[in-house]
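# Per-entry structural report
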Amino acid sequence: MWTLANILTVARLALLPLIVLLVYASASWALWSALVLYAVGALTDFADGWVARKYNQISEFGTFLDPICDKVYVSILLIVLVDVGVADGLNILPVIVILTREFLVSGLREYLGPKGVKVPVTKLAKWKTASQMLCLGFLILAPLSWLYFILGSLLLWAAAALTAITGWGYLQTGLAHMSEKG
C-alpha cells in the first residue's frame, strides 16, 4: 500500500494545511512560500501517476485516493481564496462551477461504481486539472500584484469552462446508464 506513488499522493494532502496557513499569513514571504509548497504539491499530482505507471505501482488504494486528494487540494484552496477575498465578486461563479462539478462527478462515480460502470478520466479532464492548478498558483500570489490577479482570474474562468464541459460529459455518461436501467 505504501508505494512511492501513494506516498506522493498523501504528501500532497500533508502540504495543504501549511499552504493554507501561509496564505492566511498574507505577507509577501508567506505567499511566495505558499506558492513553492503549492507547486511541489501540484507536481506530486503528475508525479504520482507517472511513478505508478512506470514502476507498476498502480494500486486500489492509489486509484481510490488520488482523485480524492485532487479534489480536496483544489477545493480547499478555492475556499481559502474566497475567504481571503482573492476570489470575490464575479470570480465566485467559477468557484461554484468547479466545486459543483467535483461533487457531481464524485457522486456519479460512487453511484456507478457498485454497478460496475467505470467513469474514466478523460484527456480534457486532465487539462481541466492542469488549468485549475495553474490558476490557483497565480491566485495565491494575487494579493501581491494586479497582474497575478488578472492572470489567475482569467485562468480560473478557463478552468471553470473546462470543468463545466467535462462535468457535462460525465453527467451524460451517468444519465445514459441510469436511463438504460429504467
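Coordinates for the structure precede this section.
Now for a look at the structure at hand. Quick caveat: nothing in here was measured; it's all calculated off a predicted structure. (Residues numbered from 1 in each chain as written. Predicted model: local features only at pLDDT ≥ 70, side-chain atom pairs only at ≥ 80, totals over all residues. Heavy atoms only, no water.)

## Regarding the layout of surface pockets
Filter applied, for reference: Here a cavity means grid points, on a 1 Å grid over the protein atoms only, where a 1.4 Å probe fits yet cannot get out; a pocket means an open set of points with protein on both sides within 12 Å along at least five of seven lines; lining residues are those with an atom within 4 Å of a point. Grid points are joined across faces, edges and corners, and a volume is the space filled by probe spheres set on the points. In this text, helices come from DSSP runs of H or I with a minimum length of four residues, and strands from runs of E with a minimum of two, each type numbered from the N-terminal end. In the scheme used here, Gly and all other residues not listed as nonpolar or charged are polar, with Ala, Val, Leu, Ile, Met, Phe, Trp, Tyr, Cys and Pro taken as nonpolar and Asp, Glu, Lys and Arg as charged.
Size it by volume and the largest pocket reaches roughly 1,400 Å³. What lines the largest pocket is a set of 40 residues, among which G62, T63, D66, P67 and V121 lie closest to the centre. Among the secondary structure elements, those contributing two or more residues to the lining of the largest pocket are α1 (4–25), α2 (28–54), α3 (60–83), α4 (92–112) and α5 (123–141). Its residues assigned to classes, the lining of the largest pocket comprises 15 nonpolar, 11 polar and 14 charged. What the second largest pocket holds in volume is close to 190 Å³. Of all the elements in the fold, those that place two or more residues in the lining of the second largest pocket are α2 and α5.

## Things to note about the nonpolar core
Heads up, the rule is: For our purposes a nonpolar core is just a set of buried Ala, Val, Leu, Ile, Met, Phe, Trp, Tyr and Cys residues, chained together by side-chain atoms within 4.5 Å. Only protein chains enter the accessibility calculation, which uses a 1.4 Å probe. A residue is then buried if its area is under 20% of the maximum for its type, exposed if over 50%, and partly exposed in between.
The biggest cluster of nonpolar side chains holds 34 residues, and the ones touching the most others in it are I19, Y38, L78 and L136. Every element with two or more residues in this core is listed here: α1, α2, α3, α4, α5 and α6 (146–180). Among the elements that make up this core, the one with the highest residue count is α2 (7 residues). Formed by 8 residues, the second largest nonpolar core is a distinct cluster that contains V105, L108, L112 and A125.

## Focus: the pattern of salt bridges
Where we set the bar: Here a salt bridge means any side-chain nitrogen of Lys or Arg lying within 4 Å of a carboxyl oxygen belonging to Asp or Glu.
Taken as a whole, this structure holds 7 salt bridges when the rule is applied. Here D45 ties to R12 by a salt bridge, and the two come within 3.8 Å at their closest N and O atoms. Placement of the pair is D45 in helix α2 and R12 in helix α1, with a sequence separation of 33 residues. Both residues of the pair, D45 and R12, count as buried. One salt bridge connects D70 with R12, and the closest N-O pair in it is separated by 2.9 Å. Of the two residues, D70 sits in helix α3 while R12 sits in helix α1, which places them 58 residues apart along the sequence. Residue class for R12 comes out buried when judged on its relative accessible area of 0%. A cluster of three or more residues bridged by salt bridges with shared partners is formed by R12, D45, D48, D66 and D70.

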